[in-house]
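Residue-level structure breakdown
The chain contents come next:
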Amino acid sequence: MPAGTNARFALLLVLVLVSSARMCLDFSFPKTASRITECMLAAGADLTHPVDSATLIARTTQWYAYTACENRYAPPPPWWLTLGWPLLILLVAVLLFHADRRWKSREGRVTPLERYADGSADRVVKSLLRDAGLEGKAKLVYDASLSKSAMVFGSTRNPVLCLNRGLLVAFSQNTDRRAEDADRPTGEELLKGVVLHELAHIRYGDVTAARATIAVWRAFLLLALIPYLIWCVLLVLHGSAWTIWSTAGPIDNRALIATLALLALGYLARCDILRSREIYADLDAVRRGASTTIWKPLQRDTNPGPPAPGRRLATSFVQLWSTHPRWNLRNEALDDNRQLFLVQAVPVFLSGVAAALVYTNIEYFIEAYGQDGNWLTSAWAVQGASAFAAALVTVVVAVALWRAAAHRALTDPDRMPTGVRTGLWLGAGLVIGDLDSGQGTIDQLWPTRPEFLLAAVFAAVGFAWWTTQCARLWLARWRGRRLWPAMLPCLAGGLLLLSWWFFWWSEDGEAYAAGWYISPGESRAILLYTYAGPVVHSTVLTVTTWIQPTLSPLVLPAVDLLAVAGVWLAPLLAWMLRRSHEQARPWAYALDGAQDAWQTEGTDLPSLRTPMIIAAGGAVSSWAAVVGVQVFMHSSQPATPRLYGIYELTYWTLLFLAQLLPVVVVALLVSLQPGPYRLARTLIAAEAAALAGFAGLAALVSADGCISPLNTLETTCAWRPSLIPWGLHMQLDGVLVVGAVVSFLAAGLAATPAATPGLLRRVRGRTPRHISQQAAIASPRLPAARLTGPGLAVLALLASLGAAAAGIVEQWPRQISGQNIAAVQSDYRTAVTTTTQQAPPWEKAEQVRYWSELGGSAYITRFTADLQEMERRISADPTYPALPAEITSVCEDLRTMGGQAAAYFTVPDLQAQASWAAFVGETRAGAATCMSGLAEIRAKQYTEALPTMDSSFQSFSGATESGRAVTARINAVEAAGGDY
Amino acid sequence: MFGFWEWSMGVAGGGIAVRDVVRAVVETEAPEERAIVGETSGLEDGAAMRRLTKRSRGRTLGFGTAEAVALVASVVWMTVGQAARELGAGAGRGADSRLRALIRRLRRRQAEPVRIPPLSPAQVEMVRNRVYEAMKAAKFGERRAVAVADRVFRELSIPPSAPHRPTGTAVAPQAGSRDEP
């Protein structure tokens, strides 16, 4: 079972590559920054008093215009540069890796061991090498250092074992001190022990891992971090092109602080990788005959009592930055290898940081390079970034949790880990990563509502808790020789869970931290704008205005249904494994170093009978509730119900609640049942109830029209499964996702009283106490039930995966297509009332000036030119039949222009905006009537064409007036602002 | 200027060189250190001492200890050298000798090895005790500490004019520096 070194290395590598790409992108920023400022001013953002929520609204409501402006005036550097920079760093790292060996083993720095005066040392080392099977593979040298140590460099395949001369001298110094001080090692013991330790590093493949870590870190420092840091300092000291705006201040400082933090975190990761291998090497050395005395005299901390908390904290902190574990830790590990299986806080924390940096930075690229409608703006691109970050966390954290659980199951099954502490560390990492990468802020140093970042801590605890429970469940029944088949379902479930979370968090959740809020009034406006029909149930629509904006982002991630399936099926499958009465655990051999000691008498899993009965009750109640909703809706059914309208929307909202409430009750009831595996039991029951509930709903909705008191959407009887897809997203994804979230919360709340003393104990002091006795007694000893046979598992698997497949198929077109950001903008524009900010006159002048310069005035000019062209052509040949040939192209251009102008920024001045809106509206109306008039002329319907063309020209003359008014107002605002 | 430096270095010229004492002790009491002490012969005192106490810097994939091996040579060199500075011609030279060393380095000239002046029996006894203490502090065994201290005692008790005294300190500072114009 992997100890996670390679995973940690991968973590560092990804961190380095992603951060350097981001830095490369940022380097080009000063060149384009002033242009971005201009785009923001044109969008009406108040840069003298930047407030993230206001900026967010300004950008969202003008998303299309803003993106177009940025892409035109401030394009990102070419993509090959952004991607090429990390590759260059990788290349330099490879060069450094090879150069390191040459530099360290150069002539003059080291001498071949054969040349050492005392030939017996060479003989001893060679015989150790022979025993290890490394003879001839490793080059043997010594250097001038008098430390009693040695090191390996080069690579695992081509290692150089370099002894310090001090070790050789100590070896030759003979053994005369042994009689007086039995604990002190002889020179020979020291030489053998140190060499065996180093050989263990070679055999475990640590050499390449460690040297590569250092090489990557150096390349990153050299090519990215240091240049970037200098750049940041220069910006902070001398200001940049855009520091006239206060907005730039925090950004520069942010970059500086974030880079310094990255420096510290990267160094922490580097030390952690190097440190992680030492105890393994120690243990291997002892196993192969090293005397433990060589570790003893190095133990500094001889004070037997527990050290003062402050001192302990300080020691731990210093420890973080060193390449070797503390001596007393290493000494302890020689007697008891338990700490090899504990989940280490540092890598867990760092994986959280790395994950946050990865998803934020990849999404930053997506934002920079995603053009209107290209594949980068599709949901799968974001989902890919989240899945990548989730995979990093899974390979580091989930695997470590499995190791810990497996070891505990063998050695101390009464005190199984909960994973909560690991989750807290992971959450802390995510929060720090979010803060470092600027999640939750746009132009500010700090999120407006940083408390929302704590959501990440909850998610992380949920993930770690779930993973641990899944591991414990599988370990209780698994009797295979290998562990990975048992790990696979849990790792997959955890990965999907996290990728769902990261997607939601980075796309939607973090906006709450930036000051975004749900506004029912605006949601209502959007709903009324989007869906047709009269409002039948106003209260239900109000409920919808809350549910819709909360729920749709939750079910937006493409993997949502798979995540839910994984989260409840992975534990359920463990229950389906055949119970074995043998105590032997063949997989113990997969756990390096754990096979020699175990005293396992694990308890079997509790029965699922009660949760399943509760779930069945939940499903039946949900069917009843659906029937109730249909009866209620039937009472207000219009004579001819309109599909896809407001009426149907309210119906689906009620159906959603009808399904969700029983699921919530099921989750609460099951979570209150005492006994172990609370979370798993709750999830299984709630999700089973939700799926069964949906099956009933699907049947009842498809049969709409057949049972007259239940008729809602139809009046005639037929089997209509086609009614379901419109509400599928909400009914299936929505209920399952919210059901899972509720299960986590309910189980968490129910488990908190039990978990709190454990946590407190950990915080206060570390006196272990057997606490699970109470839980063991309380666990229900229900008779094994037939309910939980393999048939149920197959049913659950098919139902869940079938649901996931249906959901993905239904969503597929939306997921793969890039977002139509013009449509999104128009949606928002309809709903959100932009508050005009109180910008000072000079800034208002700047805003309208850039609005005008970056495109506004060009539209008016183009309109005027088109109109003049039209007049010229008409006066050249003023006959009806000639009109289509003469002016069709002009009308078409006006139509195009009108469409583009509609998507352009609103004028950052209310009065000018009124005229601009009129200008755009009249232009579009004029162009449209012009086109239909021309069509009539082509059809020789001259009598109809006359008034049509007349109205078209009237619209155009109105637009001319409005255009003039816009220009006049802008000139006035500019004049009022004075010369800036 | 030049004359002053030459003169001040000349002051240290009497008695036995500390490095010769070290070499003699190592020859009989710590033969395993012969090689490393031999390598210091081309170096001036400071550099030789650094060579004898050098520790490794790179600790990645090492055993994790920077603790240096205790050398008989470095114990003797440090203790006797200290005594030489206290009792002999170099006494009282503090910061300014460091400055001088720096200037010498700039002029790429080697310092004359520190010498210990002829000592009274009481002083020799004191040095012996100090060597013994230092050996014990460096965690050498009793037997070895006594042997080395005795060896130092004998070495310092031989009158400088004794015919068997090894000559030629390998460094040739006197000749070298006087050749300068």
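Parameters at a glance
- Residues numbered from 1 in each chain as written.
- Chains lettered and ligands numbered in written order.
- Predicted model: local features only at pLDDT ≥ 70, side-chain atom pairs only at ≥ 80, totals over all residues.
- Helix = DSSP H or I, 4+ residues; strand = E, 2+ residues; numbered from the N terminus.
- Contact = placed C-beta atoms within 7 Å.
- Nonpolar A, V, L, I, M, F, W, Y, C, P; charged D, E, K, R; others polar.
- Buried ≥ 20, exposed ≤ 12 C-beta atoms within 10 Å, placed from the backbone.
- Pairing = 2+ DSSP bridges.
- Axes fitted to C-alpha atoms, helices over the stretch in contact; angles between N-to-C directions.
- pLDDT = per-residue confidence, 0-100.
- Expected span 1.5 Å × (residues − 1).
- Bend = angle between axes of the 7 residues up to and from the residue.
- Parallel < 35°, antiparallel > 145°, perpendicular 65-115°, else oblique.
- Left-handed = near helix turned anticlockwise from the far one by under 90°.

A word on the overall build of chain B. Of regular secondary structure, chain B possesses nine helices and two strands. When the helices and strands of chain B are read in sequence order from the N terminus, they spell out α-β-α-α-α-α-α-β-α-α-α. Contacts in chain B between residues far apart in sequence, at least 24 positions, make up 77% of those at least 6 positions apart.

Looking now at the interface of chain A and chain B. Taken together, the contact between chain A and chain B spans 33 residues of the former and 27 residues of the latter. Residue assignment for the side of chain A that touches chain B shows that the elements contributing at least two residues are strand E3 (150-154), helix H7 (165-172), helix H8 (187-203) and helix H9 (206-238) of chain A. Ranked by the residues each element gives to the side of chain A that touches chain B, the list is headed by H7(A), at five residues. Residue composition of the side of chain A that touches chain B, grouped by class: 14 nonpolar, 11 polar and eight charged.

The next point concerns the pairing of E3(A). Residue and element names in this part refer to chain A. Most of E3 sits out of view: five of its five residues are buried. Burial along E3 is two-sided: Ala 150, Val 152 and Gly 154 and Met 151 and Phe 153, pointing in opposite directions, are all buried. Of the strand pairs in this sheet, E3 and strand E4 (residues 159-164) are connected by five bridges, and their pairing is antiparallel. Looking at E4, one finds that Phe 153 is bridged to Val 160. Between E3 and the antiparallel strand that follows it, E4, lie four residues.

This brings us to the sheet that holds E3(A). Residue and element names in this part refer to chain A. One open sheet accounts for four strands, arranged E1-E2-E4-E3; its pairing is mixed. Two strands lie at the open edges of the sheet, namely strand E1 (110-112) and E3, each paired on one side alone. Geometrically, the sheet is characterised by an average inter-axis angle of 35° between neighbouring strands, direction not taken into account. Pairing geometry for E1 and strand E2 (residues 139-143), over three bridges, is antiparallel. Bridge pairing links Thr 111 to Tyr 142 in E2. Packing against the sheet, H7 makes contact with E2, E3 and E4, and its axis sits at approximately 55° to E4.

So, about the confidence of the model for chain B. Residues and elements named next belong to chain B. Chain-level statistics for chain B give a pLDDT mean of 73 and a share of 66% at 70 or above. Predicted confidence in chain B is weakest over helix H1 (residues 2-10), with a mean pLDDT of 34, and strongest over helix H7 (residues 121-137), with 91. Below a pLDDT of 50 lies the segment residues 1-13, which in the model reaches 10 contacts outside its immediate sequence neighbourhood of four places, other chains included. When the criterion is pLDDT under 50, residues 163-181 qualifies, and its contacts beyond four places in sequence or with other chains add up to 17 contacts. The ipTM assigned to the predicted complex is 0.76, against a pTM of 0.82.

With that settled, consider helix H20 (residues 538-554) of chain A. All names here are of chain A. The terminal C-alpha atoms of H20 lie 25 Å apart, and with 17 residues this matches the ideal 24 Å at 1.5 Å per residue to within 8%. Ile 547 marks the point of greatest bend in H20, at about 35°, and the proline Pro 549 comes within the next four residues. Taken together, the buried positions of H20 are occupied by Val 540, Leu 541, Thr 544, Thr 545, Ile 547 and Leu 551.

For A:Lys940, which is not glycine, the phi torsion reads 60° and is therefore positive. Tracing the sequence through the fold places A:Lys940 in the loop between helix H31 (910-938) and helix H32 (942-977). Of note in the backbone geometry, B:Lys139 takes a positive phi value of approximately 70° without being a glycine. Residue class for B:Lys139 comes out partly exposed when judged on the 13 C-beta atoms lying within 10 Å of it.

The pairing of E2(A) with E4(A) spans five bridges and is classified as parallel. The residue bridging A:Lys139 from the neighbouring strand is A:Val160, located in E4(A).

On to the packing of helix H2 (residues 18-29) of chain B against helix H8 (residues 142-157) of chain B, then. All names here are of chain B. The N-to-C vectors of H2 and H8 enclose an angle of 135°; their axes lie 10 Å apart at closest approach. With respect to H8, the element H2 is oriented oblique. Crossing hand, H2 versus H8: right-handed. Contacts between H2 and H8 involve Val 21, Ala 24, Val 25, Thr 28 and Glu 29 on the former and, on the latter, Ala 147, Val 148, Arg 151, Val 152, Glu 155 and Leu 156.

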